[in-house]
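Examination of the molecular architecture
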Amino acid sequence: MDEAWRSKMFQEDHVVMRNQKRHGQLARPGRREFLQVGALSGLGLTLGSFFTQRAALADQKQFAHFEGTAKSVIHIWLSGGWAQQETFDPKPHSPLEYRGEMSSIDTVLPGIRFNQHLKRTAKIADKITVIRSMTHGEAAHERGTHNMFTGYRPSPAITYPSLGSVVSHELGPRANLPPYVCVPNLPAPDANAGYLGSAFGPFTLGADPAKKNFTVRDLSLPGGVNASRFQSRQHLREVVGRHFGRIEDSQDLIAMDAFYQRAYDLVSSAEAQAAFDIASEPDKIRDAYGRTEPGQRMLLARRLVEAGVRFVTLDNKGWDMHQRIRQGIDAKLPPFDQAFSALINDLDQRGLLDSTLVMVSSEFGRTPKINRDSGRDHWPKVFSVVMAGGGMKRGLIHGASDAIAAEPFESPVTIEDLAATVYHCLGIVAEKELMAPGARPVEIVDGGKVRRELLI
Amino acid sequence: MVRYDHRGRRLWHLVLVAGLCLAGSGARADTASEAVVALRVFPPAVQLDSARDLQRIVVQGERADGVTLDLSAEATVSVGDATLVHVEAADAAAGRPVPVLHPRADGVTSLTVTCRGLTGEVPVRIASATTKPPLSFRLDVMPVFARGGCNMGSCHGAARGKDGFRLSLFGFDPAGDYQRITREMPGRRIDLSEPLASLLVQKAIGAVPHTGGKRFAAESDLARRLIDWIAAGAEDDPDLANVPELTGLDLYPPQSLLEGEAATQQLVAVARFADGTDRDVTDLVWYSSTNASSAAVSADGQVTSGRRGEAFLMARYDTITEGVPTVVIPTGLTFQFPQANDNTWVDDLVDAKLRSLRITPSAVCDDETFLRRVFLDCVGLLPTTEQRQAFLEDTSPDKRTRVIDELLARKEFVDLWVMKWAEILQIRSQGVFVAPKGALLYHKWLDRRIAANQPIDQMVRDLVVASGGTFENPPTNYFQLERDTLKLTENIAQAFLGMRIQCAQCHNHPFDRWTMDDYYGFASFFSQIRRKRAEDPRETIVYDSGGGAMKHPVSGQNVPPKFLGGEAPQVSVQDRREALADWMVAPDNPFFARRIVNLVWAHFLGRGIVDEPDDFRVSNPPVNGPLLDELAARFVKSGWDFRGLVKEIVRSNTYQRSSEPNASNRLDTTNFSHAAIRRIRAEVLLDTLAQVTDTTNKFPGLPEGARAVQVADGRTTNYFLTTFGRATREDVCSCAISMDPSLSQALHLLNGEVANERIRKGNLVGRWIKEGLTDSQVIDRMILRCYGRKPLERERIELLASVQGQSNRQQQFEDIFWALLNAPEFIFNH
């Protein structure tokens, strides 16, 4: 074990102690939460600190994690840029060219209206938080996407990690499951691990749970290999690996072995495997979510967080409605409405909503005025983000856009604020610095405020 | 051994220490060894330019074993003419135990330093001894913000400032800073009537609540400067032409070798200016250490040793960062460097550094290990069982050199290096901009050059100046793949000069010497590139228009072309890229050859002499400067002979060392004292999987059986390559190739078709059983095939036992085969 590691461990312990004082009740996450393999666990090092160590040593701002309100996150990503006017922030009193041709409906919250298709969601409006004053300045898809996935504006010099990767880095795996999963695939390059390195990237399913013959790549044993043969294979791998393991003493080896251990755990754990098995979900529930792309993806996400995955990002494409927005919304919103309301109700009934943070977001909103193609174009100045559970208030409409949904009217929320708030719910201090290449310490979020008015 | 840095200054280097310590390596640290054999006084010449000027002196002694001692406090210091200079015995204000010289009258004299029986002397020149020039905003005030940490990115240097006050990051925009300080919140931020009441001062000294806390004491020199400047009217420099430009920063002593914990060494920093003056800026620089656990440096510049190791100590002043290396060794070390008879010049340079660190390198590895390693590194394949057998039976002393020669002559060597270069040149198709045909032609162009061993300078030159159609002159595709001028600028700097200048696009580079002026001056070389359609709609013509300028985003002025760290050439007639290419590949260019040799070194040794191999920067110095310099110098002298360079590296003992560490080098991962085990990169790993299972790969556009390293278009991939972190060639950065492990990799090798299917498809086990091989023979063959060695006795016993009594013998063997492919000995080069 490298001397530098030991010294760093020592330093970290000190930092933790210092911060414990500052935060009062803080404690390091239980050792079981860490990856326990070989020399890594011997020193209580997580894989996260291993990779950090390899980067360099420098003065980093360190903070210990604390007990957050959210144990996991389901991030529902509506790529393309959803229109705030045709979803959660209708403008029934503005002129037609602004409000569009769609109508709105009452929700269970007095005076609050949603789009006409959000019938089921309107009934659970008292369980969710709608942020109507989200804002950033990037009107290009890739830049807006970057902002929303990382909490940072794009930089020419550094690739930032996504929220899911930071969670993976900070909190590690739980219950034999990967900490960060994308359903079905990486929705955008920005959902990846950036400077943290691919070890903290998401585990991607590579298959869509909405499809009939859904199976996750490489997750189950190949044909002809049963549990006992797999065990015998593991033993053989141990036999042929012993010699090399004895003569070689490398951190890279330890890290690779750690992932083999995770893979063994995942492959051998019936519970972990079952989390991916959407077919074992009762038909009634599958139907309640809807046999649609968003429906089955959200249902699988629920299964995953229920089993122990910390951060699930699921993707629902097709919200970039430059033309004929009415037809677009008619097609996209009803299945979303069914799936999302089913997810919230399902989580709530299972007692999981208070510990599961659900976030619905998109790279930006859409222009105040209907364009000549009956669509709306990109608009990052104000748009909506929907949150629920995991420490969020129930039935809160936060902030407002102006009369034509062009600018935030009150309490604007920045991408930094949003990221800092999500991290806070998970018990991660956003001012903590992680190590980027070139021994450059980078704050998890640069300058965002935890928006406590959103929280319980 | 003498080393020259980027600016051609001579550096006293470690190798000197190493040479000396060889003689004294038997001696131990008793009182006798505290005698010093050399005494050095810094700075080597003192210049006092005004009544305000002063110069701190640091005295360093060197013991016979190379260990250095800070003798500044102990030394007796006197000047030849005491009417000219006043010597203060210690820097009392800052509590530094170093002598300080103050001017009294103009003239020339000398400073004599005596200590432990040795004497040193430095010349002292005093001018304008009675003139007290007004405080300059740029020279005297701006450094206060840097030193106080006020303009760091996490404080007021943030893009939007902090708490309503913004300074430019690390002071890249003094004019803007002046505006903000003096024109925002007048009467509060700056109070001309009562300077001490200015918020600028009150906040900094912690007299009023300040998010950043107290930055310096009210009675400090820093506070004094602010107050005096405000009292004098808070004027900007009246005539910018008269503000001398900062040309360099010297940090003394240039080298330290400290013994034991808590040894100390004071640093002294001197800034040099274009008008020939200099200033002692020891109090004004921002110090940092790359490894504070070995050598920590205080805010005042005092170094304190910690545990054994190396550190690079840096000082930043204005736009310049400088650093000096420091080595810390434990006390009471008995160290005997082993004799080596067959060292090459590479080994001599590596060993010199190891000697100074008191590290013994590992022995040279055995033949089997060498053969597997050199095959993987040179041709991306494993040696066959027959090749291994022939090599082991060969008893001639030069057999390793002959194998190297054979490998370097193989087509697979070309394939491997074409792949490496294709990453740097980012060869791939890209939508409507680069048609697949363009990418293929570009790849073919590269292949021909590597195959012919064309001198690397010519190859790169041809690319940098390339004009014409992307089909007719394929390297023009490089300029089609990146059409944004600034990104192109950054790519060229990183690919060919090994420098990441991205930071300087928006602000002065915080950890390097690059300013925004440098950045946009360099970008200016590419500002005239234009593109137009060719006859074939898939082809584009790249040319220089002769017009078009690069604007500086702060000043809005046109920036003429300027070489990085060099001069601004006359390019009125000449094509800008021609001028750039001439400068880049010139034999005395300080970056290009070093970048290339470092790249090659990193491929074979697993780590660059500068690491990452494309991250040359002041704050990331080479671990072995003389080695890097010599490799580069010889490479240039050889006529940029690429194969020759590879051969020099591969035939060295350093490359051939065992990965097994000894007690002294176990913790060393940076100085090449033992081989580093390296995960095999995605493409080579897939090729070796195919090789050992006797199966083939199929890639679009390539015949069945083509190898992954031969893929021409960077967009071609498959699940295995993506999962194991192949280079997508979308990013020039060496960091784009990931060797990090992941869950998906492990799952894919465990459960995916890559091992399971291939073993079945290749059916080697079935064939061997059919041949009638015994259990033991089958096991032998598998391990030889995968690991290039025979099974150990214990392995054989256990594996045989696992086959015993199995109803399905073939299945059990296939499971062993599977295990071999999943174990690290297959996945790592060692």
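Predicted, not measured: the structure shown is a model, and the values here were computed from it.

With respect to the overall build of chain B
- Each helix and strand in chain B was counted, giving 28 helices and 29 strands.
- Relative to the globule expectation of 28 Å for 830 residues, the C-alpha radius of gyration of chain B, 31 Å, shows essentially globular dimensions.
- In terms of its C-alpha atoms, chain B occupies a principal-axis envelope of roughly 100 × 75 × 50 Å.
- A burial count over chain B gives 51% of its 830 residues as buried.

Describing the packing of helix α2 (residues 137–147) of chain B against helix α3 (residues 174–183) of chain B
All names here are of chain B.
- Close contact between α2 and α3 brings their axes to 11 Å; oriented N to C, the two are set at 70 degrees. Here α2 is positioned roughly perpendicular relative to α3, judged by the angle of their axes. Across from F137, R138 and M142 in α2, the residues of α3 making contact are P174, D177 and Y178.
- For the contact of α2 with α3, the residue count by class is four nonpolar, no polar and two charged.

Overview of the nonpolar core
- Among the nonpolar cores identified, the biggest contains 336 residues, and V312, M387 and V422 of chain A together with A269, V597 and L820 of chain B are the most heavily contacted of them.
- Contact partners of L820 of chain B, with chain neighbours within four places excluded, come to V240 of chain A together with M782, I783, C786 and F826 of chain B.

Thoughts on the interface of chain B and chain A
- Contact residues are listed per partner, giving 49 residues for chain B and 43 residues for chain A.
- The dominant element in the side of chain B that touches chain A, judged by the number of residues it contributes, is helix α22 (residues 743–751) of chain B, at eight residues.

A look at helix α17 (residues 592–605) of chain B
Residue and element names in this part refer to chain B.
- For α17, built from 14 residues, the straight-helix expectation of 20 Å at 1.5 Å per residue is met to within 8% by its first-to-last C-alpha distance of 20 Å.
- Of all the 14 residues making up α17, ten are buried; the element is thus mostly covered by neighbouring parts of the structure.
- Every buried residue belonging to α17 is among F592, A593, R594, R595, I596, V597, N598, V600, W601 and L605, and all of these are buried.
- Against α12 (456–464), α14 (485–497), α16 (576–584), α18 (625–637) and α19 (642–650) lie the buried residues of α17.
- Immediately downstream of α17, the backbone of G606 shows phi near 85 degrees, a positive value.

Thoughts on the sheet that holds strand β11 (residues 383–388) of chain A
Residue and element names in this part refer to chain A.
- Spatial ordering of the open sheet is given by β6-β5-β7-β1-β8-β11-β4-β12, a layout of eight strands whose pairing is mixed. With one partner strand each, in any of the chains shown, β6 (203–204) and β12 (396–398) form the two edges of the open sheet.
- Examined bridge by bridge, strand β1 (residues 72–78) and strand β8 (residues 356–361) share six bridges and lie parallel to one another. Paired with H75 across the two strands is M359, which belongs to β8.
- Against the sheet, helix α12 (residues 293–307) contacts β1, β5 (180–183), β7 (311–316) and β8, and its axis sits at roughly 175 degrees relative to β7.

Considerations on the sheet that holds strand β25 (residues 540–544) of chain B
Residue and element names in this part refer to chain B.
- Strands sit in the order β23-β25-β24 across an open sheet of three strands; the sheet is antiparallel. The sheet is open, and its two edges are formed by β23 (468–469) and β24 (529–533), each paired on a single side.
- Alignment of β23 against β25, held across two bridges, turns out to be antiparallel. Across the sheet, the residue bridging to G468 is V542, located in β25.

Notes on the domain arrangement of chain A
Residues and elements named next belong to chain A.
- Domains assigned within chain A are domain 1 (72–213 + 276–427) and domain 2 (220–275).
- Just the C-alpha atoms count here: the centres of domain 1 and domain 2 sit 36 Å apart.
- Each side of the interface is counted separately: domain 1 has ten residues, and domain 2 has nine residues.
- Class assignment of the residues belonging to the side of domain 1 that touches domain 2 gives a composition of six nonpolar, two polar and two charged.

What counts and what doesn't
Residues numbered from 1 in each chain as written. Chains lettered and ligands numbered in written order. Predicted model: local features only at pLDDT ≥ 70, side-chain atom pairs only at ≥ 80, totals over all residues. Helix = DSSP H or I, 4+ residues; strand = E, 2+ residues; numbered from the N terminus. Rg over C-alpha atoms; globule rule 2.2 N^0.38 Å. Buried ≥ 20, exposed ≤ 12 C-beta atoms within 10 Å, placed from the backbone. Axes fitted to C-alpha atoms, helices over the stretch in contact; angles between N-to-C directions. Parallel < 35°, antiparallel > 145°, perpendicular 65-115°, else oblique. Contact = placed C-beta atoms within 7 Å. Nonpolar A, V, L, I, M, F, W, Y, C, P; charged D, E, K, R; others polar. Core = buried A, V, L, I, M, F, W, Y, C linked by C-beta atoms within 7 Å. Expected span 1.5 Å × (residues − 1). Pairing = 2+ DSSP bridges. Domains from an automatic or database assignment.

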